[in-house]
Amino acid sequence: MDERQIEQVRSFNRSVTRRIGALSDDFLGRGRPLAESRLLFEIGRDGADVRDLRARLSLDSGYLSRLLRGLESQGLVKSQPAPDDARVRRVLLTAKGRREFEALDRLSQDFATSLLSPLGEAQRERLTRAMADVERLMRAAAVVIEPADPASADARACIDAYLRELDERFDTGFDATRGPSADPQDLVPPSGVLLLARLDEDALGCGALKVLGDGVGEIKRMWVAPTARGLGIAQRMLDALEARAHAMSLHTLRLDTNRTLLEARALYARNGYVEIPRYNDNPYADYWFERRLA
């Protein structure tokens, strides 16, 4: 890792935490620290489930409980069973909490304005563009790619979304029963593996490796949710699948793709996959690729 890059990240963190008042116990002049204020804001006008707050803010259960107790003691929030599942706790703003939320929302708007107003128009545009880039790249850095049970609900949801997209994009539609199989039993070791990409516990991409035999594997089910495209997840997924192939002692990877999937073809070409003759009877495939692993 480049030491200059690391130091820039640390410098950026120091500048931002100081400028936004994260170090103060009086965030936006409301007499409470940033953590409590942010939690109040995330609960919002409609309320939120405790488990969603935990995932959204990446908070430890114990710390979140302490923050909620603090807000309850101030008369700002109340908790109750969720209407559709009594096992789930839902947090709602009280009347006092709603007034506090509106005050925070107004002050946050004023603070954002105060950050931008000293700058010229060109500088404001540069700053907001840079903020958008930082936010996007921070989201990308938070994505975790890990093995998953191909029969799990998250895996099925990703694969079903992948199949629906193929049906929408292919000129003739798509029928999964007509192509080569990638059944759940094909995607567990030692026959293969399924990887899921997650952001804040939400599954938003998948990729699979199926062992064909004789040191050859096949890339299957490569998909990223439209809302997460542009974060580099497809490249990371391919890298992770290749690493798994190495660990499984595979020396060659193959795949097929349809002519409408231009992004996939570009991804494989960038990564050294070369076009080869047809190696299967997939009726939806127009191109077949292979890569020899080092």
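As a reminder, the structure under discussion sits directly above these lines.
For clarity, every value in this text was computed on a predicted model and none was experimentally measured.

Colleague: Explanation requested: the sheet that holds strand β1 (residues 48-49) in the structure shown.
Modeller: Strand pairing in a sheet relies on backbone hydrogen bonds. The paired strands run either parallel or antiparallel. Reading across from one edge, β1-β3-β2 is the order of the 3 strands in this open sheet, with antiparallel pairing throughout. The strands lining the two open edges of the sheet, one partner per strand, are β1 and β2 (77-82). In this sheet, strand β3 (residues 85-93) lies alongside β2 in antiparallel orientation, the contact comprising 6 bridges. Within β3, the residue paired with Ser-79 across the bridge is Val-91.

Colleague: Honestly, the nonpolar core in this entry has me stumped. Any pointers?
Modeller: One recurring pattern in soluble globular proteins: nonpolar side chains tend to sit buried together. Formed by 47 residues in total, the largest nonpolar core has its most connected members in Leu-209, Ile-219, Met-222, Ile-233, Tyr-268 and Tyr-273. Secondary structure elements with two or more residues in this core: α7 (153-169), β5 (192-199), β6 (202-213), β7 (216-224), α8 (233-247), β8 (252-257) and α9 (262-270). Apart from residues lying up to four places away in sequence, Ile-233 is in contact with Val-143, Ile-145, Ala-197, Leu-204, Val-224 and Ala-228. Ile-43, Leu-53, Leu-59 and Leu-104 belong to the second-largest nonpolar core, a separate cluster that totals 18 residues.

Colleague: Is there a simple way to think about the sheet that holds β6 in this case?
Modeller: The sheet built from 7 strands is open, its strands ordered β4-β5-β6-β7-β8-β10-β9 with mixed pairing. Across the chains shown, the open sheet's two edge strands, defined by having one partner strand only, are β4 (144-147) and β9 (274-276). Sheet twist, expressed as the average angle between the axes of neighbouring strands with direction ignored, equals 30°. As paired elements, β5 and β6 share 8 bridges and run antiparallel to each other. By the bridge assignment for β6, Val-193 is matched with Leu-209.

Colleague: How should I be thinking about helix α5 (residues 95-116) in this particular structure?
Modeller: For an α-helix the count is 3.6 residues per turn, leaving residues at separations of three or four pointing the same way. Over its 22 residues, α5 extends 32 Å from the first C-alpha to the last, a length consistent with the 32 Å expected when each residue adds 1.5 Å. All of the buried residues in α5 are Gly-97, Glu-100, Phe-101, Ala-103 and Leu-104. End-on, the buried residues of α5 take up no more than an arc of 165°, which puts them together on one face. Counted as exposed and oriented over 90 degrees from the buried face of α5: Arg-99 and Gln-109. Against α2 (34-43) and β3 lie the buried residues of α5.

Colleague: What exactly am I supposed to notice about the packing of aromatic side chains here?
Modeller: Two aromatic rings, taken as a pair, are described by how far apart their centres are and by the angle between their planes. Inspection of the entire model under this criterion finds 7 aromatic pairs. On the numbers, 5.9 Å between centres and 35° between planes, the contact of Phe-170 with Tyr-284 is tilted. In this pair, Phe-170 sits in the loop between α7 and β5 while Tyr-284 sits in the loop between β9 and β10 (287-292), placing the two residues 114 residues apart along the sequence. The two residues Phe-170 and Tyr-284 agree in class, both being buried. Here the aromatic cluster, defined as three or more aromatic residues joined through ring pairs, consists of Tyr-268, Tyr-273, Tyr-287 and Phe-289. Lying over the aromatic face of Tyr-279, Arg-254 brings its terminal NZ or CZ to 5.5 Å of the ring centre.

Quick notes on the rules
- Residues numbered from 1 in each chain as written.
- Predicted model: local features only at pLDDT ≥ 70, side-chain atom pairs only at ≥ 80, totals over all residues.
- Heavy atoms only, no water.
- Pairing = 2+ DSSP bridges.
- Helix = DSSP H or I, 4+ residues; strand = E, 2+ residues; numbered from the N terminus.
- Core = buried A, V, L, I, M, F, W, Y, C linked by side-chain atoms within 4.5 Å.
- Buried < 20%, exposed > 50% of the residue type's maximum accessible area, 1.4 Å probe, protein only.
- Contact = heavy atoms within 4.5 Å.
- Axes fitted to C-alpha atoms, helices over the stretch in contact; angles between N-to-C directions.
- Expected span 1.5 Å × (residues − 1).
- Arc of directions from axis to C-beta.
- Phe/Tyr/Trp six-rings, centres within 6.5 Å; stacked < 30°, edge-to-face > 60°.
- Lys NZ or Arg CZ within 6 Å of the ring centre and 35° of its normal.

Any functional reading would require information that these geometric values do not contain.
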